[in-house]
Amino acid sequence: MEPLVAFIGWLNGVVWGPAMLALILGTGLYLQFSLGFIPLRRIVTGFRLLGASRDVGSNEGDISPFNALMTSLAATVGTGNIAGVGTAVFLGGPGALFWMWCTALVGMATKYAEAVCAVRFRRTDEHGHYVGGPMYYIRDGLSARWAWLAPTFAIFGALAGFGIGNTVQANSVAAVVEATFGITPLATGLVTMALVAIVLIGGVKRIGSVAGRLVPLMAASYVGAGLLVLIMQAERVPEAIGLILRHAFTPAAAGGGFAGATVWMAVRFGVARGVFSNEAGLGSAPIAHAAAAARSEVDQGLIAMLGTFIDTLILCTITGLVIVTSGAWTGGETGAALTSQAFDQALAPLVPGGGSILVAVSLVLFAFTTILGWSFYGEKCVQYLFGVGSIRQFRILWVAVIPVGACADLGTIWLLADTLNALMAIPNLIALLLLSPLIARLTREYFEG
(Lines give C-alpha, C1' and ligand atoms only; values in the text may rest on other atoms or scores of the structure.)
Protein backbone atom coordinates (compact mmCIF):
# COMPACT_ATOMS: atom_id res chain seq x y z
CA MET A 1 0.00 0.00 0.00
CA GLU A 2 2.81 2.43 0.85
CA PRO A 3 4.39 2.26 -2.65
CA LEU A 4 0.97 3.01 -4.18
CA VAL A 5 0.43 5.99 -1.88
CA ALA A 6 3.94 7.23 -2.67
CA PHE A 7 3.24 6.94 -6.41
CA ILE A 8 -0.05 8.85 -6.07
CA GLY A 9 1.80 11.53 -4.10
CA TRP A 10 4.44 11.82 -6.81
CA LEU A 11 1.80 11.96 -9.56
CA ASN A 12 -0.14 14.57 -7.62
CA GLY A 13 2.94 16.76 -7.46
CA VAL A 14 3.36 16.44 -11.22
CA VAL A 15 -0.25 17.09 -12.29
CA TRP A 16 -0.68 19.96 -9.83
CA GLY A 17 2.65 21.54 -10.76
CA PRO A 18 3.12 25.00 -12.29
CA ALA A 19 2.03 23.81 -15.75
CA MET A 20 -1.37 22.64 -14.49
CA LEU A 21 -2.05 25.79 -12.52
CA ALA A 22 -1.09 27.86 -15.56
CA LEU A 23 -3.43 25.78 -17.75
CA ILE A 24 -6.41 26.22 -15.42
CA LEU A 25 -5.95 29.92 -14.72
CA GLY A 26 -4.69 30.64 -18.24
CA THR A 27 -7.66 28.97 -19.91
CA GLY A 28 -10.14 30.88 -17.77
CA LEU A 29 -8.33 34.17 -18.31
CA TYR A 30 -8.08 33.61 -22.07
CA LEU A 31 -11.81 32.82 -22.25
CA GLN A 32 -12.64 35.94 -20.22
CA PHE A 33 -10.69 38.10 -22.68
CA SER A 34 -12.07 36.36 -25.78
CA LEU A 35 -15.63 36.79 -24.46
CA GLY A 36 -15.11 40.44 -23.59
CA PHE A 37 -15.54 39.65 -19.88
CA ILE A 38 -19.23 38.91 -20.49
CA PRO A 39 -19.30 36.26 -17.71
CA LEU A 40 -18.45 39.05 -15.24
CA ARG A 41 -20.50 41.81 -16.88
CA ARG A 42 -23.64 39.68 -17.23
CA ILE A 43 -23.99 38.27 -13.70
CA VAL A 44 -27.28 40.10 -13.19
CA THR A 45 -28.56 38.70 -16.51
CA GLY A 46 -27.65 35.21 -15.31
CA PHE A 47 -29.66 35.60 -12.11
CA ARG A 48 -32.60 37.01 -14.06
CA LEU A 49 -32.57 34.00 -16.39
CA LEU A 50 -32.26 31.67 -13.42
CA GLY A 51 -35.32 33.17 -11.74
CA ALA A 52 -37.39 32.60 -14.87
CA SER A 53 -36.20 29.04 -15.52
CA ARG A 54 -37.91 26.89 -12.91
CA ASP A 55 -40.15 25.21 -15.50
CA VAL A 56 -39.15 23.01 -18.42
CA GLY A 57 -41.69 24.74 -20.67
CA SER A 58 -41.66 23.88 -24.36
CA ASN A 59 -37.88 23.75 -24.68
CA GLU A 60 -36.14 20.48 -25.38
CA GLY A 61 -34.50 18.88 -22.33
CA ASP A 62 -35.07 16.57 -19.38
CA ILE A 63 -34.94 19.05 -16.49
CA SER A 64 -35.44 22.80 -16.08
CA PRO A 65 -32.41 25.11 -16.38
CA PHE A 66 -32.91 25.94 -12.68
CA ASN A 67 -32.74 22.27 -11.67
CA ALA A 68 -29.75 21.76 -13.96
CA LEU A 69 -27.89 24.45 -11.99
CA MET A 70 -29.11 22.96 -8.70
CA THR A 71 -27.84 19.52 -9.81
CA SER A 72 -24.51 21.12 -10.69
CA LEU A 73 -24.44 22.95 -7.35
CA ALA A 74 -25.42 19.75 -5.57
CA ALA A 75 -22.19 18.27 -6.90
CA THR A 76 -20.02 21.31 -6.21
CA VAL A 77 -21.41 22.50 -2.87
CA GLY A 78 -19.83 19.80 -0.73
CA THR A 79 -16.93 19.15 1.56
CA GLY A 80 -14.82 21.55 -0.53
CA ASN A 81 -16.76 24.46 0.95
CA ILE A 82 -16.11 23.32 4.54
CA ALA A 83 -13.24 20.84 4.74
CA GLY A 84 -11.56 22.01 1.52
CA VAL A 85 -11.33 25.64 2.61
CA GLY A 86 -10.03 24.55 6.01
CA THR A 87 -7.37 22.39 4.36
CA ALA A 88 -6.36 25.18 1.95
CA VAL A 89 -5.89 27.70 4.78
CA PHE A 90 -4.04 25.14 6.93
CA LEU A 91 -1.59 24.25 4.15
CA GLY A 92 -1.35 27.55 2.28
CA GLY A 93 -2.16 30.13 4.93
CA PRO A 94 -4.78 32.90 4.59
CA GLY A 95 -3.35 33.82 1.17
CA ALA A 96 -4.81 30.61 -0.27
CA LEU A 97 -8.26 32.21 -0.09
CA PHE A 98 -7.14 34.99 -2.46
CA TRP A 99 -6.10 32.40 -5.05
CA MET A 100 -9.43 30.62 -4.60
CA TRP A 101 -11.08 33.93 -5.54
CA CYS A 102 -8.89 34.24 -8.63
CA THR A 103 -9.79 30.70 -9.63
CA ALA A 104 -13.48 31.58 -9.32
CA LEU A 105 -13.28 34.85 -11.26
CA VAL A 106 -11.62 33.22 -14.27
CA GLY A 107 -13.54 29.99 -13.63
CA MET A 108 -16.83 31.74 -14.34
CA ALA A 109 -15.74 32.06 -17.97
CA THR A 110 -14.66 28.42 -18.01
CA LYS A 111 -17.99 27.24 -16.58
CA TYR A 112 -19.87 29.44 -19.06
CA ALA A 113 -17.92 27.98 -21.99
CA GLU A 114 -18.45 24.42 -20.76
CA ALA A 115 -22.23 24.83 -20.64
CA VAL A 116 -22.38 26.55 -24.04
CA CYS A 117 -20.51 23.62 -25.60
CA ALA A 118 -22.54 21.04 -23.67
CA VAL A 119 -25.88 22.33 -24.98
CA ARG A 120 -24.48 22.91 -28.48
CA PHE A 121 -23.22 19.35 -28.93
CA ARG A 122 -25.65 17.35 -26.77
CA ARG A 123 -27.44 14.28 -28.10
CA THR A 124 -30.35 12.04 -27.12
CA ASP A 125 -29.66 8.43 -26.14
CA GLU A 126 -31.72 5.38 -27.09
CA HIS A 127 -34.12 6.10 -24.22
CA GLY A 128 -34.72 9.65 -25.40
CA HIS A 129 -32.72 11.30 -22.58
CA TYR A 130 -30.39 14.20 -23.30
CA VAL A 131 -26.69 13.47 -22.82
CA GLY A 132 -23.71 15.75 -23.23
CA GLY A 133 -20.51 17.02 -21.72
CA PRO A 134 -16.83 17.13 -22.67
CA MET A 135 -16.79 13.67 -24.24
CA TYR A 136 -19.46 14.78 -26.73
CA TYR A 137 -18.14 18.25 -27.55
CA ILE A 138 -14.68 16.75 -27.97
CA ARG A 139 -15.94 13.99 -30.26
CA ASP A 140 -18.35 16.10 -32.32
CA GLY A 141 -16.79 19.55 -32.08
CA LEU A 142 -13.11 18.84 -32.76
CA SER A 143 -11.31 17.17 -35.62
CA ALA A 144 -10.66 13.42 -35.68
CA ARG A 145 -7.08 13.80 -34.45
CA TRP A 146 -8.42 15.00 -31.08
CA ALA A 147 -11.02 12.22 -30.78
CA TRP A 148 -8.89 10.24 -28.30
CA LEU A 149 -9.45 12.96 -25.70
CA ALA A 150 -13.15 12.03 -25.46
CA PRO A 151 -12.73 8.50 -24.01
CA THR A 152 -9.76 9.78 -21.99
CA PHE A 153 -12.01 12.31 -20.27
CA ALA A 154 -14.76 9.72 -19.76
CA ILE A 155 -12.34 7.27 -18.12
CA PHE A 156 -10.84 9.85 -15.76
CA GLY A 157 -14.29 11.35 -15.12
CA ALA A 158 -15.74 8.00 -14.09
CA LEU A 159 -12.77 7.26 -11.82
CA ALA A 160 -12.67 10.79 -10.38
CA GLY A 161 -16.31 10.49 -9.41
CA PHE A 162 -15.48 7.73 -6.96
CA GLY A 163 -12.94 10.09 -5.37
CA ILE A 164 -14.21 13.67 -5.37
CA GLY A 165 -17.90 12.76 -5.57
CA ASN A 166 -18.21 9.64 -3.46
CA THR A 167 -15.53 8.42 -1.07
CA VAL A 168 -14.25 11.90 -0.08
CA GLN A 169 -17.79 12.98 0.73
CA ALA A 170 -18.65 9.80 2.63
CA ASN A 171 -15.38 9.94 4.55
CA SER A 172 -15.85 13.55 5.58
CA VAL A 173 -19.43 12.92 6.67
CA ALA A 174 -18.44 9.87 8.71
CA ALA A 175 -15.59 11.75 10.41
CA VAL A 176 -17.65 14.76 11.43
CA VAL A 177 -20.65 12.69 12.53
CA GLU A 178 -18.42 10.50 14.69
CA ALA A 179 -16.69 13.53 16.23
CA THR A 180 -19.96 15.39 16.89
CA PHE A 181 -22.50 12.67 17.65
CA GLY A 182 -20.36 9.60 18.42
CA ILE A 183 -21.85 7.49 15.61
CA THR A 184 -19.48 4.96 14.03
CA PRO A 185 -18.29 5.56 10.44
CA LEU A 186 -19.73 2.24 9.25
CA ALA A 187 -23.20 3.12 10.53
CA THR A 188 -23.04 6.54 8.86
CA GLY A 189 -21.85 4.96 5.63
CA LEU A 190 -24.69 2.43 5.58
CA VAL A 191 -27.37 5.05 6.21
CA THR A 192 -25.92 7.31 3.52
CA MET A 193 -25.80 4.37 1.13
CA ALA A 194 -29.50 3.63 1.67
CA LEU A 195 -30.60 7.25 1.18
CA VAL A 196 -28.54 7.66 -2.00
CA ALA A 197 -29.94 4.41 -3.42
CA ILE A 198 -33.52 5.64 -2.91
CA VAL A 199 -32.84 8.81 -4.92
CA LEU A 200 -30.82 7.17 -7.70
CA ILE A 201 -33.72 4.89 -8.62
CA GLY A 202 -35.48 7.93 -10.10
CA GLY A 203 -32.58 9.01 -12.34
CA VAL A 204 -31.73 12.59 -13.31
CA LYS A 205 -35.27 13.92 -12.85
CA ARG A 206 -35.41 12.80 -9.22
CA ILE A 207 -31.84 14.01 -8.60
CA GLY A 208 -32.78 17.39 -10.09
CA SER A 209 -35.97 17.54 -8.03
CA VAL A 210 -34.20 16.73 -4.76
CA ALA A 211 -31.39 19.15 -5.56
CA GLY A 212 -33.85 21.89 -6.54
CA ARG A 213 -35.41 21.72 -3.08
CA LEU A 214 -32.44 20.89 -0.86
CA VAL A 215 -29.58 22.97 -2.30
CA PRO A 216 -31.17 26.44 -1.96
CA LEU A 217 -32.30 25.66 1.59
CA MET A 218 -28.96 24.35 2.84
CA ALA A 219 -26.93 27.06 1.09
CA ALA A 220 -29.11 29.84 2.49
CA SER A 221 -28.91 28.38 6.00
CA TYR A 222 -25.12 28.11 5.90
CA VAL A 223 -24.72 31.61 4.47
CA GLY A 224 -27.03 32.99 7.16
CA ALA A 225 -25.03 31.37 9.95
CA GLY A 226 -21.74 32.52 8.44
CA LEU A 227 -22.94 36.10 8.07
CA LEU A 228 -24.11 36.05 11.69
CA VAL A 229 -20.59 35.06 12.79
CA LEU A 230 -18.99 37.76 10.64
CA ILE A 231 -21.37 40.40 12.01
CA MET A 232 -20.46 39.32 15.56
CA GLN A 233 -16.76 39.66 14.62
CA ALA A 234 -17.15 42.66 12.31
CA GLU A 235 -14.20 44.53 13.79
CA ARG A 236 -11.86 41.67 12.77
CA VAL A 237 -13.01 41.42 9.16
CA PRO A 238 -10.79 44.24 7.75
CA GLU A 239 -7.75 42.69 9.46
CA ALA A 240 -8.66 39.26 8.06
CA ILE A 241 -8.95 40.64 4.52
CA GLY A 242 -5.56 42.33 4.99
CA LEU A 243 -4.02 38.99 6.03
CA ILE A 244 -5.51 37.26 2.99
CA LEU A 245 -4.20 39.87 0.56
CA ARG A 246 -0.77 40.14 2.20
CA HIS A 247 -0.09 36.41 2.42
CA ALA A 248 -1.22 35.86 -1.18
CA PHE A 249 2.11 37.42 -2.19
CA THR A 250 4.34 37.03 0.89
CA PRO A 251 5.08 33.89 2.96
CA ALA A 252 2.99 33.25 6.07
CA ALA A 253 5.30 32.71 9.04
CA ALA A 254 4.89 29.75 11.40
CA GLY A 255 3.03 30.46 14.61
CA GLY A 256 1.14 28.43 17.20
CA GLY A 257 0.15 25.17 15.53
CA PHE A 258 0.56 26.65 12.03
CA ALA A 259 3.66 25.35 10.26
CA GLY A 260 4.03 28.34 7.95
CA ALA A 261 3.45 28.55 4.19
CA THR A 262 5.29 29.86 1.15
CA VAL A 263 3.63 31.88 -1.59
CA TRP A 264 3.79 28.82 -3.85
CA MET A 265 1.87 26.80 -1.25
CA ALA A 266 -0.78 29.53 -1.08
CA VAL A 267 -1.14 29.48 -4.88
CA ARG A 268 -1.08 25.72 -5.21
CA PHE A 269 -3.56 24.86 -2.48
CA GLY A 270 -5.75 27.88 -3.20
CA VAL A 271 -6.15 26.92 -6.85
CA ALA A 272 -6.37 23.16 -6.19
CA ARG A 273 -9.00 23.52 -3.47
CA GLY A 274 -10.79 26.19 -5.49
CA VAL A 275 -11.09 23.84 -8.45
CA PHE A 276 -12.08 21.01 -6.10
CA SER A 277 -14.87 23.19 -4.74
CA ASN A 278 -16.33 24.90 -7.82
CA GLU A 279 -15.15 22.34 -10.44
CA ALA A 280 -14.64 25.04 -13.10
CA GLY A 281 -12.55 23.41 -15.81
CA LEU A 282 -13.04 19.82 -14.66
CA GLY A 283 -15.79 19.22 -17.22
CA SER A 284 -18.22 17.77 -14.71
CA ALA A 285 -20.88 20.51 -14.56
CA PRO A 286 -21.62 20.58 -18.32
CA ILE A 287 -22.83 16.98 -18.03
CA ALA A 288 -25.73 18.28 -15.91
CA HIS A 289 -26.33 21.40 -18.01
CA ALA A 290 -26.59 19.28 -21.17
CA ALA A 291 -29.87 17.91 -19.78
CA ALA A 292 -31.42 21.37 -19.32
CA ALA A 293 -34.45 22.55 -21.28
CA ALA A 294 -32.60 25.68 -22.33
CA ARG A 295 -33.74 28.28 -24.88
CA SER A 296 -30.19 28.60 -26.19
CA GLU A 297 -26.60 27.61 -25.46
CA VAL A 298 -25.78 31.09 -24.19
CA ASP A 299 -28.78 31.21 -21.84
CA GLN A 300 -27.61 28.04 -20.14
CA GLY A 301 -24.02 29.28 -20.08
CA LEU A 302 -25.09 32.44 -18.23
CA ILE A 303 -26.98 30.30 -15.71
CA ALA A 304 -24.16 27.77 -15.37
CA MET A 305 -21.52 30.37 -14.49
CA LEU A 306 -23.55 31.32 -11.41
CA GLY A 307 -22.54 27.99 -9.90
CA THR A 308 -18.94 29.14 -9.58
CA PHE A 309 -20.01 32.53 -8.22
CA ILE A 310 -22.26 30.99 -5.55
CA ASP A 311 -19.92 28.16 -4.61
CA THR A 312 -16.62 29.99 -4.23
CA LEU A 313 -17.22 33.74 -4.09
CA ILE A 314 -20.05 33.32 -1.57
CA LEU A 315 -19.86 30.01 0.31
CA CYS A 316 -16.09 29.47 0.36
CA THR A 317 -15.47 33.14 1.14
CA ILE A 318 -17.75 32.99 4.17
CA THR A 319 -16.01 29.84 5.42
CA GLY A 320 -12.57 31.37 4.87
CA LEU A 321 -13.40 34.64 6.58
CA VAL A 322 -14.89 32.84 9.58
CA ILE A 323 -11.68 30.79 9.91
CA VAL A 324 -9.33 33.77 9.58
CA THR A 325 -11.33 36.18 11.78
CA SER A 326 -11.53 33.57 14.54
CA GLY A 327 -7.75 33.07 14.60
CA ALA A 328 -8.34 29.31 14.67
CA TRP A 329 -6.16 28.84 11.56
CA THR A 330 -3.03 29.08 13.73
CA GLY A 331 -4.17 26.35 16.13
CA GLY A 332 -2.98 23.30 14.20
CA GLU A 333 -6.37 21.92 13.14
CA THR A 334 -7.15 21.25 9.49
CA GLY A 335 -10.10 20.41 7.24
CA ALA A 336 -13.60 20.29 8.67
CA ALA A 337 -12.21 20.28 12.23
CA LEU A 338 -10.68 23.73 11.63
CA THR A 339 -13.94 25.12 10.25
CA SER A 340 -15.87 23.59 13.15
CA GLN A 341 -13.48 25.10 15.70
CA ALA A 342 -13.78 28.54 14.07
CA PHE A 343 -17.59 28.49 14.19
CA ASP A 344 -17.52 27.11 17.74
CA GLN A 345 -15.35 29.96 19.00
CA ALA A 346 -17.61 32.58 17.44
CA LEU A 347 -20.97 31.07 18.44
CA ALA A 348 -19.96 30.00 21.96
CA PRO A 349 -21.51 33.12 23.61
CA LEU A 350 -24.86 32.34 21.94
CA VAL A 351 -24.95 28.55 21.73
CA PRO A 352 -22.07 26.61 23.33
CA GLY A 353 -21.11 23.81 20.96
CA GLY A 354 -23.45 25.22 18.32
CA GLY A 355 -20.65 25.69 15.80
CA SER A 356 -19.79 22.00 15.78
CA ILE A 357 -23.41 21.03 15.25
CA LEU A 358 -23.85 23.63 12.49
CA VAL A 359 -20.78 22.45 10.60
CA ALA A 360 -21.68 18.79 11.09
CA VAL A 361 -25.23 19.19 9.77
CA SER A 362 -24.11 21.44 6.90
CA LEU A 363 -21.35 19.05 5.87
CA VAL A 364 -23.72 16.07 5.95
CA LEU A 365 -26.23 17.82 3.70
CA PHE A 366 -23.57 19.27 1.38
CA ALA A 367 -21.86 15.91 1.02
CA PHE A 368 -25.11 14.02 0.47
CA THR A 369 -26.11 16.23 -2.45
CA THR A 370 -22.58 16.00 -3.87
CA ILE A 371 -22.81 12.22 -3.92
CA LEU A 372 -26.10 12.53 -5.82
CA GLY A 373 -24.79 15.05 -8.35
CA TRP A 374 -21.58 13.16 -9.02
CA SER A 375 -23.44 9.89 -9.43
CA PHE A 376 -25.06 11.43 -12.51
CA TYR A 377 -21.70 12.63 -13.85
CA GLY A 378 -20.06 9.25 -13.38
CA GLU A 379 -23.06 7.49 -14.84
CA LYS A 380 -22.90 9.51 -18.05
CA CYS A 381 -19.15 8.93 -18.39
CA VAL A 382 -19.68 5.19 -18.05
CA GLN A 383 -22.63 5.34 -20.46
CA TYR A 384 -20.41 7.03 -23.05
CA LEU A 385 -17.82 4.27 -22.72
CA PHE A 386 -20.05 1.19 -22.43
CA GLY A 387 -23.59 2.18 -23.47
CA VAL A 388 -26.93 2.60 -21.69
CA GLY A 389 -26.85 -0.99 -20.45
CA SER A 390 -24.00 -0.18 -18.06
CA ILE A 391 -26.00 2.35 -16.00
CA ARG A 392 -27.57 -0.18 -13.63
CA GLN A 393 -24.24 -1.84 -12.81
CA PHE A 394 -22.65 1.58 -12.26
CA ARG A 395 -25.36 2.64 -9.81
CA ILE A 396 -24.96 -0.58 -7.81
CA LEU A 397 -21.18 -0.08 -7.59
CA TRP A 398 -21.60 3.62 -6.75
CA VAL A 399 -23.88 2.85 -3.83
CA ALA A 400 -21.72 -0.05 -2.60
CA VAL A 401 -18.56 2.10 -2.41
CA ILE A 402 -20.10 4.67 -0.02
CA PRO A 403 -19.58 2.73 3.25
CA VAL A 404 -16.08 1.75 2.09
CA GLY A 405 -15.21 5.41 1.67
CA ALA A 406 -16.70 6.23 5.05
CA CYS A 407 -14.21 3.90 6.77
CA ALA A 408 -11.10 4.62 4.65
CA ASP A 409 -8.08 6.85 5.30
CA LEU A 410 -8.90 10.52 4.62
CA GLY A 411 -5.40 11.60 3.61
CA THR A 412 -5.04 9.03 0.85
CA ILE A 413 -8.55 9.73 -0.46
CA TRP A 414 -7.98 13.49 -0.67
CA LEU A 415 -4.67 12.91 -2.46
CA LEU A 416 -6.24 10.54 -4.97
CA ALA A 417 -9.21 12.86 -5.55
CA ASP A 418 -6.91 15.82 -6.21
CA THR A 419 -4.89 13.77 -8.70
CA LEU A 420 -7.93 12.50 -10.61
CA ASN A 421 -9.38 16.02 -10.75
CA ALA A 422 -6.33 17.22 -12.65
CA LEU A 423 -6.30 14.22 -14.99
CA MET A 424 -9.93 14.76 -16.05
CA ALA A 425 -9.46 18.53 -16.37
CA ILE A 426 -6.65 18.31 -18.93
CA PRO A 427 -8.71 16.93 -21.89
CA ASN A 428 -11.55 19.32 -21.09
CA LEU A 429 -9.35 22.42 -20.94
CA ILE A 430 -7.65 21.52 -24.22
CA ALA A 431 -11.08 21.17 -25.85
CA LEU A 432 -12.30 24.52 -24.52
CA LEU A 433 -9.24 26.30 -25.89
CA LEU A 434 -9.74 24.70 -29.31
CA LEU A 435 -13.48 25.49 -29.29
CA SER A 436 -13.04 29.06 -28.01
CA PRO A 437 -13.63 30.67 -31.46
CA LEU A 438 -17.00 28.89 -31.69
CA ILE A 439 -17.91 29.90 -28.12
CA ALA A 440 -17.04 33.53 -28.85
CA ARG A 441 -19.04 33.52 -32.10
CA LEU A 442 -22.17 32.04 -30.48
CA THR A 443 -21.91 34.59 -27.67
CA ARG A 444 -21.45 37.51 -30.06
CA GLU A 445 -24.40 36.44 -32.22
CA TYR A 446 -26.60 36.03 -29.16
CA PHE A 447 -25.98 39.51 -27.77
CA GLU A 448 -26.00 41.21 -31.18
CA GLY A 449 -29.33 39.54 -31.95
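Conventions adopted
- Residues numbered from 1 in each chain as written.
- Predicted model: local features only at pLDDT ≥ 70, side-chain atom pairs only at ≥ 80, totals over all residues.
- Heavy atoms only, no water.
- Disulfide = S-S within 2.5 Å.
- Buried < 20%, exposed > 50% of the residue type's maximum accessible area, 1.4 Å probe, protein only.
- Helix = DSSP H or I, 4+ residues; strand = E, 2+ residues; numbered from the N terminus.
- Arc of directions from axis to C-beta.
- Contact = heavy atoms within 4.5 Å.
- Axes fitted to C-alpha atoms, helices over the stretch in contact; angles between N-to-C directions.
- Parallel < 35°, antiparallel > 145°, perpendicular 65-115°, else oblique.
- Nonpolar A, V, L, I, M, F, W, Y, C, P; charged D, E, K, R; others polar.
- Expected span 1.5 Å × (residues − 1).
- pLDDT = per-residue confidence, 0-100.

**A short note on the state of the cysteines**
The final tally for this structure, using the stated rule, is 0 disulfides. Cys-316 takes part in no disulfide bond, and the closest cysteine sulfur, belonging to Cys-102, lies 14 Å away. By relative accessible area, which is 0% here, Cys-316 ends up buried.

**Considerations on helix H4 (residues 43–51)**
Residues of H4 that are buried include every one of Ile-43, Thr-45, Gly-46, Leu-49 and Leu-50, and no others. In a view along the axis of H4, the buried residues occupy a sector of 160°, so they form one face of it. Facing away from the buried side of H4 by over 90 degrees, the exposed positions are Val-44, Arg-48 and Gly-51. Tucked into the core, H4 has its buried residues touching helix H3 (38–41), helix H5 (65–76), helix H7 (95–120) and helix H15 (297–326).

**Concerning the packing of helix H6 (residues 79–92) against helix H17 (residues 354–386)**
At a closest axis distance of 8 Å, the pairing of H6 and H17 adopts a crossing angle of 120°. The orientation of H6 relative to H17 falls into the category oblique. Here H6 contributes Thr-79, Asn-81 and Ile-82 to the contact with H17, which in turn contributes Val-359, Ser-362, Leu-363, Phe-366 and Ala-367. Residue classes in the contact of H6 with H17 are distributed as 5 nonpolar, 3 polar and no charged.

**With respect to helix H2 (residues 18–34)**
For H2, built from 17 residues, the straight-helix expectation of 24 Å at 1.5 Å per residue is met to within 8% by its first-to-last C-alpha distance of 23 Å. For H2, the set of buried residues is Met-20, Leu-21, Ile-24, Leu-25, Thr-27, Gly-28, Leu-31 and Gln-32. Within two residues after H2, Gly-36 carries a phi angle of roughly 65°, on the positive side.

**Some words on the confidence of the model for the chain**
For the chain, the average pLDDT comes to 87, and 98% of its residues sit at 70 or higher. Put simply, helix H1 (residues 2–15) is where the chain has its lowest mean pLDDT, 81, and helix H8 (residues 134–141) is where it has its highest, 96.

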